[in-house]
Amino acid sequence: MLICSFAEKQALLLDEILDNCICRSPQGRDAKDELRFYTDAERDELIHEFSVIARLRRSLQEKKARWREAETLLSRFRRNDESLSRLEKGLLPDEAELFEIKRSLGLFRLLTYYDDLLRDADSSLTDLSEAEALLNPPGRREEGFHIYSAWSEDLRRVREERKVLEEKLSLLLREREELSTQAARDALFEQRAELLNRQKKLEDAELERIAAGLRDWLPALRENFAALGRFDFRLARAELAERWQAPIPEILAPGSGSRITGAYHPLLAAELTDRGLSFTPQSIFLGEGSVVISGANMGGKSVALMCFLLCLLLTQLAICPPCEALSTDLYDFFSYLTEAEGEARLGLSSFAQQAVRIREMLRLSQSTRGLVVMDEACRGTNPDEATAMLQAICRIFARSPSRLLCATHYRMPHEKGIRHYRIRGLKPEAATEERVTTEQSMVTRKKEDFANALRSAPGDEKKSKSDLEDEKAIAAIHEAMDYALAPLEEAEDIPAAGLCIAEKMGIDAVFLKEMRQIYNENRELGEAT
């Protein structure tokens, strides 16, 4: 399970990720909505689920034409839940409900023609041909549904009598000028009403007979719908894994740790591609204890956390993760704490709300094996207090059955059970290049070149000049940064890139000069003390 606020779930873009897992039937969508979170107690079941998805991926490549046909068939299924519930309660179904049930039975029959695909998905369907026969006239199969005269000789005779009578009545109604026909018409109307009543009783008797017969098949019919949902959802996950070219994760025994190679966030990567930029895949090993990621603002710490959490969470939801390779033991829970604004509760400040969440996570982590992910926690208080609190949290998790993965600007202890990574930060060529502010560099451009640059992207004509300048500055920052993770040694400084980022975002050169001067003075003061 994932423990986070609504805002944090939005920040992770989990719902949008799951939207890419496309089921074709309402039963498949129901199966997706009821996502199962596998813990270590269900490790064998999760391994089996991934083995089925691996087999399905091969099948999708080898049997493309048959899968296209089966996918079309899946999209034709509808919901029958309400009609089946009415049958279970002993209520009499109407013809429209029986038509929908018959339609589903026919689709199940057609789906069994793809028994090889069902086997590839480790799925099976019960033969419901006898149930379908209840809804067809004897000896033949029809697409639609009505109460057939062939089911009852009495019903056939009543309908024939009614047909003859209505022909006579129609003839008399055309002879309106003859007053003598009024009495005859009244008599025929009475006979017609009597026949309609008899017909209704006979039709209800047939409906009761059909309903009683279908009730015997309800368990098998419901199981077929459940199997259909599993089949469709497995197919959707296999197709998603193919689109992502995702690996089949290796599920390990408890205590083995989590090794993630080349993790990325599909939606963020696609957005960067649309902007002509590239996403830097991330790799990490999470063993027992705490892992701290350090780096500059806009350095990619938050995105790295999202990628690792997303990969591990999707794995325990039996969805192949977006990365190059992944091997992991299983967690009892995931907890995600970010700077995303949540709902105010009980008049608490944002820091107090974080403190409550941290309290709950610490309590839960002492009795179960979870992964707690914290992004810039404790920033709502002063830096000294925040540093002390986060250091204590790292030490607590160093001896906890749970694991901590956190990103922070604060200096954390280098000791047993606490491992450190850093975002590499500014590329060497970017760190040593001549410092020229964005504003100054723009002045040196020819006016016509700058105008063309501002009109370079589709939709830019709707953006302000300031917005376009910011977008170009952000792109420049992206090109200047190396977002890859690397181990951080104890004697190594945390990479700083804040002044460079401020410069590229266009802060005036006079202000930048003063900022650098103060920064250097503070560093000298710190070294002296």
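### Looking at the pattern of salt bridges
Applying the stated criterion across every chain, the model contains 35 salt bridges. Here Asp 204 ties to Lys 200 by a salt bridge, and the two come within 2.7 Å at their closest N and O atoms. Taken together, the residues span about one helical turn, with Asp 204 and Lys 200 both in helix 11 (residues 181–215) at a distance of four residues. Accessibility expressed as a relative area gives 24% for Asp 204, which makes it partly exposed. The shortest N-O distance in the salt bridge between Arg 359 and Glu 360 comes to 3.7 Å. Judged by relative accessible area, which is 35%, Glu 360 ranks as partly exposed. Overlapping salt bridges bring together Lys 63, Arg 66, Asp 116 and Asp 120 as one network.

### With respect to the pairing of strand 3 (residues 258–263)
Sheet topology places strand 3 next to strand 4 (residues 282–286); four bridges connect them, and they run antiparallel. Looking across to strand 4, one finds that Arg 259 is bridged to Phe 285. Note: strand 3 against strand 6 (residues 325–328), four bridges, orientation antiparallel. Its bridge partner lying in strand 6, Ser 258 is registered against Thr 328.

### Comments concerning the nonpolar core
Most often, soluble globular proteins have nonpolar side chains that are buried together. The biggest cluster of nonpolar side chains holds 101 residues, and the ones touching the most others in it are Ile 260, Ile 284, Ile 293, Phe 308 and Leu 405. With sequence-adjacent residues up to four places away left out, Leu 405 is seen in contact with Ile 284, Leu 286, Val 291, Ile 293, Leu 305, Phe 308, Leu 371, Val 372, Val 373 and Met 374. Counting residues in each nonpolar core, the second largest holds 20 residues, with Ile 358, Leu 390, Phe 397 and Ile 418 among its members.

### Section: the environment of Ile 423
By the secondary structure assignment, Ile 423 is in strand 10 (residues 418–426). Sequence separation between Ile 423 and Tyr 483 is 60 residues; the distance between their C-alpha atoms is 5.6 Å.

### As for the environment of Gln 182
Here Gln 182 shows up in helix 11. With relative accessibility at 37%, the residue Gln 182 sits in the partly exposed group. With 10 residues separating them in the primary sequence, Gln 182 and Leu 172 have C-alpha atoms 8.5 Å apart.

### So, the packing of helix 3 (residues 26–33) against helix 12 (residues 218–244)
Direction vectors running N to C along helix 3 and helix 12 enclose 75°, while the axes themselves pass 7 Å from each other. Taken together, the axis directions place helix 3 and helix 12 in an arrangement best described as roughly perpendicular. Every residue of helix 12 that contacts helix 3 at Gln 27, Gly 28, Ala 31 and Lys 32 is listed here: Phe 225, Leu 228, Gly 229, Asp 232 and Phe 233. Across the contact of helix 3 with helix 12, the residue classes tally to four nonpolar, three polar and two charged.

### As for the pairing of strand 9 (residues 403–407)
For strand 9, the buried fraction is high: five of the five residues fall into the buried class. Here strand 9 shows no split at all, with Arg 403, Leu 405 and Ala 407 on one side and Leu 404 and Cys 406 on the other all buried. Across five bridges, strand 5 (residues 289–294) lies against strand 9 in parallel orientation. Across the sheet, Gly 289 pairs through a bridge with Arg 403, a residue of strand 9. As defined by bridge partners, strand 8 (residues 370–375) adjoins strand 9 across five bridges and the pair is classed as parallel. Residue pairing across strands places Leu 371 opposite Arg 403, the latter belonging to strand 9.

Basis of the calculations
- Residues numbered from 1 in each chain as written.
- Predicted model: local features only at pLDDT ≥ 70, side-chain atom pairs only at ≥ 80, totals over all residues.
- Heavy atoms only, no water.
- Salt bridge = Lys/Arg side-chain N within 4 Å of Asp/Glu carboxyl O.
- Helix = DSSP H or I, 4+ residues; strand = E, 2+ residues; numbered from the N terminus.
- Buried < 20%, exposed > 50% of the residue type's maximum accessible area, 1.4 Å probe, protein only.
- Pairing = 2+ DSSP bridges.
- Core = buried A, V, L, I, M, F, W, Y, C linked by side-chain atoms within 4.5 Å.
- Contact = heavy atoms within 4.5 Å.
- Axes fitted to C-alpha atoms, helices over the stretch in contact; angles between N-to-C directions.
- Parallel < 35°, antiparallel > 145°, perpendicular 65-115°, else oblique.
- Nonpolar A, V, L, I, M, F, W, Y, C, P; charged D, E, K, R; others polar.

So yeah, pure geometry; function would need other evidence.
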